[in-house]
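Chain by chain, the residues:
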Amino acid sequence: MTKKRLNPESFDFPVDEIKSGLYSDIYFLRTQEILNHADYHPTVTMQIFQRDYATLCGIDEAIALIKRCAYHPEKIKIRALHDGDKIEPWETVMTIEGDLADFSHLETVYLGIIARQTKVATNCAKAVEAANGKPVLFFPSRFDHYAVQKGDGYAAKIGGMTNVSTPANAISWGIEAAGTIPHALIAACEGDTLKATEMFDKYIDPKIGRVALVDFNNDCVGTSLKVAHALGDKLYGVRLDTSDKMVDKSLIGQMGHFKPTGVNEQLVRNVREALDAEGFNNVKIMVSGGFNPERIRLFETNNVPVDVYAVGSNIFATNADFTADIVLVNGKPCAKAGRAFSDNPRLEDVD
């Protein structure tokens with residue numbers, strides 16, 4: 001069964017600016033100008049690919065861009081894979097067939113859309129796979145410009161994340177964004193984590209899980225127990241976010257055979273053991289701060305008692321660079337040296 005694509009009208013494009021070429025590499029605009037002045041309009045086939053194993057995303061937005069911002073879009077034929085498809089190096093993910101003068105101004109924009117969202121979706125998928133079925137939260141929005149949050153949130157969903165952190169991230173999910181208590185609220189409470197957590201509990205909708213951030217005073221065990229005793233069954237979990245330059249108080253007598261800074265395996269075990277010893281077995285442990293797929297996989301391999309992972313800046317750590325080449329002109333092979341038409345039977349016609 002053919003997968004359903006996103007409605008082109010669901011995207012908020014600055015259509016006039018895009019059609020004017022404001023976001024286009026200038027040589028594409030000059031190409032368009034030359035073709036129109038020369039009244040030269042061959043039919044070309046543009047082929048889009050990248051060079052790695054990835055989780056494809058941004059295709060539906062790229063299609064919408066062409067449908068809404070190309071000239072004479074009704075004359076353009078698009079074939080494409082779907083958001084969420086697993087792709088291989090050099091695999092053709094989309095072809096665009098038509099008069100180059102009608103869509104030359106869009107190449108910079110659609111390649112950027114697909115590159116950005118594929119990067120996010122791929123890095124999310126890697127973290128989710130490493131977590132071995134445990135929830136992974138998408139928390140990197142503070143590391144990039146706010147304008148990308150809607151698309152990033154959609155890509156995170158395609159990548160299999162459990163939840164996102166901003167309302168803009170969450171638009172395509174149809175859910176409320178997830179979030180615990182920030183260090184800022186604890187600082188405003190003069191460093192009193194319990195006071196901040198109790199204020200959260202008093203004023204925030206009971207449907208929102210109570211998760212205490214417990215590293216503010218560098219005593220994750222002591223703070224976790226203090227909050228657990230105060231909130232009882234209302235406490236869903238505790239979040240460990242110790243800086244990679246700090247050693248938690250509970251580790252001072254245990255150092256010698258592991259790296260003691262940050263959120264490490266022994267710190268998580270100390271918190272879990274302390275909570276269990278006092279009857280708080282149901283309190284979940286969430287970890288954040290510098291987690292990537294390799295670190296998550298190591299925690300899982302070593303059976304570290306983490307319940308939820310939150311991943312931040314690593315989501316933006318690698319790139320997914322797409323390239324577009326003309327490979328056919330008037331139906332005949334015509335590509336630069338080293339490139340050639342590479343049809344993909346997985347491509348589907350776009351209505």
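Within each chain, residue numbers correspond to sequence positions counted from 1 in written order. In view of the model being predicted, local features appear only for residues whose pLDDT reaches at least 70, and side-chain atom pairs are presented and counted only at 80 or more, with totals across whole chains, interfaces and linings using the full set of residues. To obtain the side-chain values, all non-hydrogen atoms of the structure were used and water was disregarded.

Enquirer: Sorry if this is basic, but what is going on with a nonpolar patch on the surface here?
Expert: To count toward a patch, a residue needs a relative accessible area above 30% and no salt bridge. Like charges then connect within 9 Å, nonpolar side chains (Val, Leu, Ile, Met, Phe, Trp, Tyr) within 5 Å. Computed with the Shrake-Rupley method and a 1.4 Å probe, the accessible areas treat only the protein chains shown as cover for residues. A pairing counts as a salt bridge when a side-chain nitrogen of Lys or Arg comes within 4 Å of a carboxyl oxygen of Asp or Glu. Together, Met-199, Tyr-203 and Ile-204 line one region of the surface with nonpolar side chains, adding up to about 300 Å² of accessible area. A run of DSSP states H or I qualifies as a helix once it reaches four residues; a run of E qualifies as a strand once it reaches two. Both are numbered from the N-terminal end. Positionally, Met-199 belongs in helix 8 (residues 193-203).

Enquirer: What's the story with the pairing of strand 12 (residues 323-329) in this structure? I'm lost.
Expert: On a regular strand, each side chain points to the face opposite its neighbour's, so the side chains alternate between the two faces of the sheet. Burial status follows relative accessibility: with a 1.4 Å probe on protein chains alone, a residue under 20% of its type maximum counts as buried, one over 50% as exposed, and anything between as partly exposed. In terms of burial, strand 12 is a largely internal element, 5 of the 7 residues being buried. Two strands qualify as a pair provided that DSSP identifies no fewer than 2 bridges between them. Strand direction decides the pairing type here: strand 1 (residues 43-49) and strand 12, joined by 6 bridges, are antiparallel. Bridge assignment links Val-44 to a residue of strand 12, and that residue is Val-329. Strand direction decides the pairing type here: strand 12 and strand 13 (residues 332-333), joined by 2 bridges, are antiparallel. Paired with Val-329 across the two strands is Lys-332, which belongs to strand 13. The hairpin turn running from strand 12 into strand 13, its antiparallel successor, is 2 residues long, and Asn-330 in that turn takes a positive phi close to 55°.

Enquirer: Looking at this model, I keep getting lost on the pattern of salt bridges. Mind explaining?
Expert: This model, assessed by the stated rule, comprises 17 salt bridges. Note that Asp-343 and Arg-79 form a salt bridge whose closest N and O atoms lie 3.0 Å from each other. Of this pair, Asp-343 sits in the loop between strand 13 and strand 14 (348-349) while Arg-79 sits in strand 3 (residues 77-80); the two residues are 264 residues apart in sequence, bridging distant segments of the chain. The class of Asp-343 is partly exposed, set by a relative accessible area of 45%.

Enquirer: So what exactly am I meant to see when it comes to helix 9 (residues 220-231) here?
Expert: Multiplying one less than the number of residues by 1.5 Å gives the expected span of a helix. In a regular helix each residue adds 1.5 Å, so 12 residues correspond to 16 Å; helix 9 covers 16 Å between its end C-alpha atoms and thus fits that length. Within helix 9, burial applies to Cys-220, Val-221, Thr-223, Ser-224, Leu-225, Val-227, Ala-228 and Leu-231. Here, two residues are considered to be in contact whenever any of their heavy atoms come within 4.5 Å of each other. Looking at the buried residues of helix 9, the elements they touch are helix 8, strand 8 (210-213), strand 9 (235-240) and helix 10 (265-277). In the segment just after helix 9, Gly-232 is the residue with positive phi, at about 60°.

Enquirer: In this structure, what is going on with the packing of helix 5 (residues 107-130) against helix 6 (residues 149-158)? I would like to understand it.
Expert: The angle between the axes and the distance between the axes are what describe a pair of packed helices. Between N-to-C directions, angles cover 0 to 180 degrees, with each direction set by a line fitted to C-alpha atoms, over the stretch in contact for helices. Relative orientation of the contacting elements helix 5 and helix 6 amounts to 40°, with a least axis distance of 8 Å. Here helix 5 is positioned oblique relative to helix 6, judged by the angle of their axes. Read as a crossing pair, helix 5 and helix 6 show a hand that is right-handed. Within the contact between the two elements, helix 5 uses Arg-116, Gln-117, Val-120, Ala-121 and Cys-124 and helix 6 uses Gly-151, Asp-152, Tyr-154, Ala-155, Ala-156 and Ile-158. An angle below 35 degrees is treated as roughly parallel, one above 145 as roughly antiparallel, one from 65 to 115 as roughly perpendicular, and anything else as oblique. Helix crossings get a hand from a simple test, with the near helix turned counterclockwise from the far one by less than a right angle marking a left-handed crossing and a clockwise turn marking a right-handed one.

Enquirer: Whenever I open this one, unusual backbone geometry confuses me. Can you help?
Expert: Keep in mind that most residues, glycine aside, have a negative phi and that most peptide bonds are trans. With a phi close to 60°, Glu-190 is a non-glycine residue in the positive phi region. Relative to the helices and strands, Glu-190 is located in the loop between helix 7 (183-188) and helix 8.

Enquirer: For this particular structure, what's the right way to read the nonpolar core?
Expert: As a rule of thumb, nonpolar side chains are buried together in soluble globular proteins. Here, nonpolar core refers to any group of buried Ala, Val, Leu, Ile, Met, Phe, Trp, Tyr and Cys residues whose side-chain atoms link them within 4.5 Å. In this structure, Met-161, Val-238, Leu-240, Val-268, Val-271, Val-287 and Tyr-309 are the most contacted members of the largest nonpolar core, which totals 48 residues. Val-238 has contacts with Val-211, Ala-212, Val-214, Ser-224, Val-271, Leu-275, Val-283, Lys-284, Ile-285 and Met-286, leaving out every residue within four places of it along the chain. If you look at the next biggest cluster of nonpolar residues, it comprises 40 residues, including Ala-64, Val-109, Ala-115 and Leu-347.

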